[in-house]
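Coordinates in review
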Amino acid sequence: MISQTLRVAGLSLALVVGSAAAPNPAGYLSGREPDTLAALPRPPNPGSPRDQADRAIFRETRTLEGGPRWSLAQSDADLTKLLSDFDCALGVSLTTKDAPRLMALIVKAAPDISSAYNVPKDSYKKRRPFTRDAGHICVPRSSGFAQSYDYPSGHATWAWAVGLILARAAPDRAAEILGRARAFGESRVVCGVHNASAVEAGRVAADTVVSALAADSAFRHDMAAARSEVTALRASGVRPDSNACREEAALTARTPW
């Protein structure tokens, strides 16, 4: 079990990656979480064409080590800065001071999002790619991390879920926001800590839980307030550095394998 802390622009909550049994605070869907096991395909069987493709992608992406896409993957590995990773896509910098309602919504949804990937992770117990094939990864290795599970990717689930929430807050920027969420998930493959199939499964898990959230009246109420807040912030907030955004766009424009 790997404990991580996600700090959303100064707000903190405990996320436990790899264990559905860990206690979580109440979310919007407590007791009504969707069955992501039913929504997800089973992970590829060992030796299947998809499994072989996953292993080939792992080997191929080891050649990115030391380059700019590898550096982005290292940066994306830090969930504590997930919100700021969307600054360029959104066109404005998000802070607790300027977007407290958005931040509070994401914090409250955290246990719902965590459950969406922790339950299938603990069910399938699929090994991470670097435990099967030789190759460097973009984060430090540890025995605990190696013993945690691949499918689906928690980082990819988080990125896609937050991307979907931000796309609802700024629908005219939905393409840019979801493009960055896609690239964030792909960073896990570049990093060598997840298979491509696990990243795709993370998006399905996120789609499933955000669809369930959208049917919850409290979430819809908070989402409306967050949308108004983001609209106002986009009109007067701090713009991200344009040169850095151009560099990011060049790195995330296409899948790196």
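Residues numbered from 1 in each chain as written. Predicted model: local features only at pLDDT ≥ 70, side-chain atom pairs only at ≥ 80, totals over all residues. Heavy atoms only, no water.

**Remarks on the overall build of the protein chain**
Going by this rule: In DSSP terms, a helix is any run of H or I states spanning at least four residues, a strand is any run of E spanning at least two, and both are numbered starting from the N terminus. Radius of gyration: over C-alpha atoms. The globule rule applied is 2.2 Å multiplied by the number of residues raised to the 0.38 power. The rule is simple: take the accessible area with a 1.4 Å probe, protein chains only, and divide by the maximum for that residue type; under 20% is buried, over 50% is exposed, in between is partly exposed. Contacts between residues were defined by any pair of non-hydrogen atoms, one from each residue, lying within 4.5 Å. Residue-level accessible areas treat just the shown protein chains as cover; the underlying method is Shrake-Rupley with a 1.4 Å probe.
Scanning the protein chain from N- to C-terminus turns up 11 helices and 2 strands. For 257 residues, the compact-globule estimate of 2.2 N^0.38 gives 18 Å, and the C-alpha radius of gyration of the protein chain, at 18 Å, lies within 12% of that figure. Overall, the protein chain is about 50 × 45 × 30 Å in size when its C-alpha atoms are taken along their principal axes. Per-residue burial for the protein chain yields a buried fraction of 51% across its 257 residues. Of the contacts made within the protein chain by residues no fewer than 6 positions apart, 81% connect residues no fewer than 24 positions apart. By element, 54% of the accessible surface of the protein chain is carried by carbon and sulfur atoms, the whole surface being about 10,900 Å².

**What to know about the pattern of salt bridges**
Quick note on the threshold: When a carboxyl oxygen of Asp or Glu lies within 4 Å of a side-chain nitrogen of Lys or Arg, that pair is called a salt bridge.
For the structure shown, the criterion picks out 11 salt bridges. The shortest N-O distance in the salt bridge between Arg 132 and Asp 51 comes to 2.7 Å. Taken together, the residues Arg 132 in the loop between α5 (100–124) and α6 (143–147) and Asp 51 in helix α2 (residues 49–61) connect sequence positions 81 residues apart. For Asp 51, a relative accessible area of 2% translates into the label buried.

**Looking at the environment of Ile 113**
Inspection of the secondary structure puts Ile 113 in helix α5. With relative accessibility at 0%, the residue Ile 113 sits in the buried group. Put simply, Ile 113 and Thr 157 are 44 residues apart on the chain and 7.4 Å apart in space, counted from C-alpha to C-alpha. Setting aside its immediate chain neighbours within four residues, Ile 113 contacts Thr 157, Trp 158, Ala 161 and Val 209.

**Section: the confidence of the model for the protein chain**
This is how it is decided: pLDDT is defined as a per-residue confidence score from the predictor, taking values between 0 and 100.
Averaged over every residue, the pLDDT of the protein chain is 91; the share at 70 or more is 91%. Contacts from residues 1–23, a stretch scored under 50 in pLDDT, to residues over four places away or in other chains number 66 contacts.

**What about unusual backbone geometry?**
Note the cis peptide between Tyr 151 and Pro 152, where omega equals -5 degrees. You can see Pro 152 is positioned in the loop between α6 and α7 (154–169). For Lys 125, which is not a glycine, the phi torsion comes out positive at approximately 50 degrees. Residue position: Lys 125 is located in the loop between α5 and α6. Given a relative accessible area of 47%, Lys 125 falls into the partly exposed group.

**Some points on the environment of Leu 64**
Note that Leu 64 resides in the loop between α2 and α3 (68–76). With relative accessibility at 24%, the residue Leu 64 sits in the partly exposed group. Counting along the chain gives 191 residues from Leu 64 to Thr 255, while the straight-line C-alpha distance between them is 12 Å. Setting aside its immediate chain neighbours within four residues, Leu 64 contacts Trp 70, Val 190 and Pro 256.

**Looking at the side chain of Asp 85**
Position of Asp 85 relative to the elements: it lies in the loop between α3 and α4 (87–90). Judged by relative accessible area, Asp 85 falls into the buried class, the value being 7%. What Asp 85 contacts, discounting residues up to four positions off in sequence, is Asp 76, Arg 180, Phe 184 and Glu 248.

**Here's the deal with the environment of Thr 95**
Note on placement: Thr 95 falls in the loop between α4 and α5. Look at Thr 95 and you get partly exposed, because its relative accessible area is 30%.

**Topic: the packing of α3 against helix α8 (residues 174–191)**
As a reminder, the rule being used: Every angle, taken between N-to-C directions, lies between 0 and 180 degrees, and every axis is a line fitted to C-alpha atoms, over only the stretch in contact when it is a helix. Put simply, angles under 35 degrees are roughly parallel, angles over 145 are roughly antiparallel, angles from 65 to 115 are roughly perpendicular, and the rest are oblique. Residues are sorted three ways: Asp, Glu, Lys and Arg are charged, Ala, Val, Leu, Ile, Met, Phe, Trp, Tyr, Cys and Pro are nonpolar, and all the rest, Gly among them, are polar.
Closest axis-to-axis distance for the α3/α8 pair is 8 Å, and the angle between their directions is 105 degrees. Taken as axis vectors, α3 and α8 run roughly perpendicular relative to one another. Mapping the contact onto sequence places Arg 69, Trp 70, Leu 72, Ala 73 and Asp 76 in α3 and Arg 180, Ala 183, Phe 184, Glu 186, Ser 187, Val 190 and Cys 191 in α8. For the contact of α3 with α8, the class distribution of residues is 7 nonpolar, 1 polar and 4 charged.

**A look at the nonpolar core**
Spelled out, the test is: Working definition of a nonpolar core: buried Ala, Val, Leu, Ile, Met, Phe, Trp, Tyr and Cys residues. They are joined through side-chain atoms within 4.5 Å.
Grouped together as the largest cluster of nonpolar side chains are 43 residues, with contacts concentrated most on Leu 82, Leu 94, Leu 102, Trp 158 and Val 162. When contributions to this core are tallied by element, the ones reaching two or more residues are α4, α5, α7, α8, α9 (196–214) and α10 (217–236). Formed by 10 residues, the second largest nonpolar core is a distinct cluster that contains Phe 58, Trp 70, Phe 130 and Val 190.

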